[in-house]
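Secondary and tertiary structure notes
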Protein chains: 2
Amino acid sequence: MLDNQQLSDILRANGYKVTPQRLAVYDALAAMKTHPNAEMLYSVLQPKYPSMSFATVYKTVEILHKINVIQILNTGEDSMRYDADTSIHHHIQCISCGRVDDLNGLDSLALVKEAESLSGYEIAGHQFYFFGVCPDCKKMVQN
Amino acid sequence: MLDNQQLSDILRANGYKVTPQRLAVYDALAAMKTHPNAEMLYSVLQPKYPSMSFATVYKTVEILHKINVIQILNTGEDSMRYDADTSIHHHIQCISCGRVDDLNGLDSLALVKEAESLSGYEIAGHQFYFFGVCPDCKKMVQN
DNA sequence: AAATAAATAATAAAGATTATTAAAACGTTA
DNA sequence: TAACGTTTTAATAATCTTTATTATTTATTT
C-alpha cells in the first residue's frame, strides 16, 4: 500500500509518467478489501473520472503489474482480478457471492519446499486459492 | 482414469448419450501427462476425427466436468486447461515452456483446516498452483 | 510558455468461449 | 428392422475479455 508520492517515485524511476488516472486506479484498488476485476474497477472510477476508458484501466493495471506494485489473480473465472498487496499471501473465493478475499497468516513455505523436491522444478512463485461459503453468505442461508 | 465402459455408464446415468466424440475427448485427455487447453485437445483429436469441431471440444469438456470426470484448471493464462484426474492434487507450471504438470503427494489438508479457521469460510475446495522452471528447461539453460 | 515525447480515449481487432441452428446420429418403439 | 422423436454434432455467428491502433490531449523538459 503506497501513497501517491511513493507510487509517483516508482513510476518515474521506471520511466513512466505520473498521471491522475494512474494514481486513481492504484488508489481505488488499494482502497478495496476484496479484489476487483477490470469491470469493477472501471465502475468505481468512472463516476469520479467520467472520461476514464476501459483501455486505460487495462493499460494501467498492466503497468502497475510490470513495476511490481500490484499482483494479478485468477480464480478460474473468465476475467482477471487485481490486488494492491504484493506480499506473499493467498486468496479465498465465495462460491455463493463470488467475492475474493485475502487469506493472511497462512504459512506456505514448507509446502513450497516440499513441492520443489517432489517436482524437480525450481519454484519461483505460487498461488493458493480456496473456495467456500463466506461468513456473510452462511448467515443468509441460515436466515 | 476411466475406461470407455465406465465413462459410458456415467454418461448414461446422467442422461447424456454416448458418442464417439465424447469418448475420444476423454481418452485424449486421459492419455496426456500434461494438461492441455481446448486448442491442444483439438489439434490432437483433429487428425483422427477430421470432422471434429472446436464447439464439440468445448461442449464435451463442459459435460465431462458437469458429470465430474474431469476438472478444469486455470493458471492465470487466457485459456482454461483440463485434467482427467479428479482426485485432490495440485499443479505446477513452467514459466519457461508453459507446460502444466501434476504435483502429487503434497498434503494440503492441514493448510485447508488452517485456512478455514483463519477465514471464517466453510471451505469446499482448493487449488494450489506453483510456478517455476521445469527440469527440461533447467537443462536447456545449462547447455 | 513552447517543444517533444508519452498517455489517454475512442474504436477496432483479436482470441477464447458460448449460443444458434440445420443436419446427422442415437436410441427407442412399433 | 424401419421409422420416429430427441439429442448431438458441426458450422457459424455472437459474446465477452483483453489487446492493438491512432488521433488528440497531457506531462515533462527546455
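Everything below is about the structure shown above.
Bear in mind that the values here come from a model prediction, so they are computed numbers and not experimental data. (Residues numbered from 1 in each chain as written. Chains lettered and ligands numbered in written order. Predicted model: local features only at pLDDT ≥ 70, side-chain atom pairs only at ≥ 80, totals over all residues. Heavy atoms only, no water.)

Focus: the packing of helix α3 (residues 38-45) of chain A against helix α4 (residues 54-66) of chain A
Residues and elements named next belong to chain A. Contact geometry of α3 with α4 gives a least axis separation of 10 Å together with a crossing angle of 115 degrees. Along this stretch, α3 crosses α4, giving a crossing that reads as right-handed. Along its contact with α3, which presents A38, E39, L41, Y42 and L45, the element α4 presents F54, V57, Y58 and V61. (Axes fitted to C-alpha atoms, helices over the stretch in contact; angles between N-to-C directions. Helix = DSSP H or I, 4+ residues; strand = E, 2+ residues; numbered from the N terminus. Left-handed = near helix turned anticlockwise from the far one by under 90°. Contact = heavy atoms within 4.5 Å.)

Notes on the protein's contact with DNA strand D
In the vicinity of DNA strand D there are 19 residues, among which Y58 and M80 of chain A together with T19, R22 and S51 of chain B approach most closely. At the protein interface, 82% of the atoms of DNA strand D within 4 Å belong to sugar or phosphate. Between DNA strand D and M80 of chain A there is a distance of 2.8 Å, counted from a phosphate oxygen to a backbone nitrogen or oxygen. Contributing elements (two or more residues each) for the surface near DNA strand D: α4 of chain A together with α2 (20-31) and α4 (54-66) of chain B. Broken down by class, the residue content of the surface near DNA strand D amounts to eight nonpolar, six polar and five charged. (Near = heavy atom within 4 Å. Polar contact = N/O pair within 3.5 Å; in protein donor to acceptor, adjacent residues only side chain to side chain. Nonpolar A, V, L, I, M, F, W, Y, C, P; charged D, E, K, R; others polar.)

Quick word on the protein's contact with DNA strand C
Looking at DNA strand C, there are 18 residues lining it, with T19, S51 and T56 of chain A together with Y58 and M80 of chain B nearest. A breakdown of the atoms of DNA strand C within 4 Å of the protein gives sugar and phosphate a share of 83%. For DNA strand C, a phosphate oxygen lies 2.9 Å from a polar atom in the side chain of T56 of chain A. The separation between a base oxygen of DNA strand C and a polar side-chain atom of K17 of chain B is 3.1 Å. Sorting the residues of the surface near DNA strand C by element identifies α2 (20-31) and α4 of chain A together with α4 of chain B as the ones contributing at least two each. Of the residues belonging to the surface near DNA strand C, the class tally is eight nonpolar, six polar and four charged.

Regarding the packing of aromatic side chains
All names here are of chain B. This structure, assessed with the given rule, holds eight aromatic pairs over all chains. With 4.4 Å between their ring centres and 20 degrees between their planes, Y42 and F54 make a pair best called stacked. Of this pair, Y42 sits in helix α3 (residues 38-45) while F54 sits in helix α4; the two residues are 12 residues apart in sequence, bridging distant segments of the chain. (Phe/Tyr/Trp six-rings, centres within 6.5 Å; stacked < 30°, edge-to-face > 60°.)

With respect to the sheet that holds strand β3 (residues 90-94) of chain B
Paired through backbone hydrogen bonds, the strands of a sheet run either parallel or antiparallel to each other. With mixed pairing, six strands are arranged side by side in an open sheet as β4(A)-β3(A)-β5(A)-β5(B)-β3(B)-β4(B). In this open sheet, the two strands that pair with only one neighbour each are β4 (100-103) of chain A together with β4 (100-103) of chain B. Across the sheet, the axes of successive neighbouring strands diverge by a mean angle of 25 degrees, strand direction being ignored. Across 11 bridges, strand β5 (residues 122-133) of chain A lies against strand β5 (residues 122-133) of chain B in antiparallel orientation. Along β5 of chain B, the bridge assignment pairs F128 of chain A with F128 of chain B. Contacts from helix α5 (residues 109-119) of chain A reach β5 of chain A together with β3, β4 and β5 of chain B, with the element oriented near 120 degrees to β5 of chain A. Helix-sheet contacts for helix α5 (residues 109-119) of chain B involve β3 (90-94), β4 and β5 of chain A together with β5 of chain B, and the interaxial angle to β5 of chain B is about 120 degrees. (Pairing = 2+ DSSP bridges.)

Quick notes on the side chain of D83 of chain A
All names here are of chain A. Note on placement: D83 falls in strand β2 (residues 81-83). Of the side chains with opposite charge, R81 lies nearest to the buried D83, which makes no salt bridge, at 11 Å. Of note is the side chain of D83, whose polar atom sits 2.8 Å from the backbone nitrogen of D85. With residues near it in sequence (within four places) discarded, D83 still touches L29, H35, I70, Q71, L73, H89, H91 and D102. (Buried < 20%, exposed > 50% of the residue type's maximum accessible area, 1.4 Å probe, protein only. Lys, Arg positive; Asp, Glu negative; His and termini not counted. Salt bridge = Lys/Arg side-chain N within 4 Å of Asp/Glu carboxyl O.)

Scope: geometric values only; no functional claims are made or implied.
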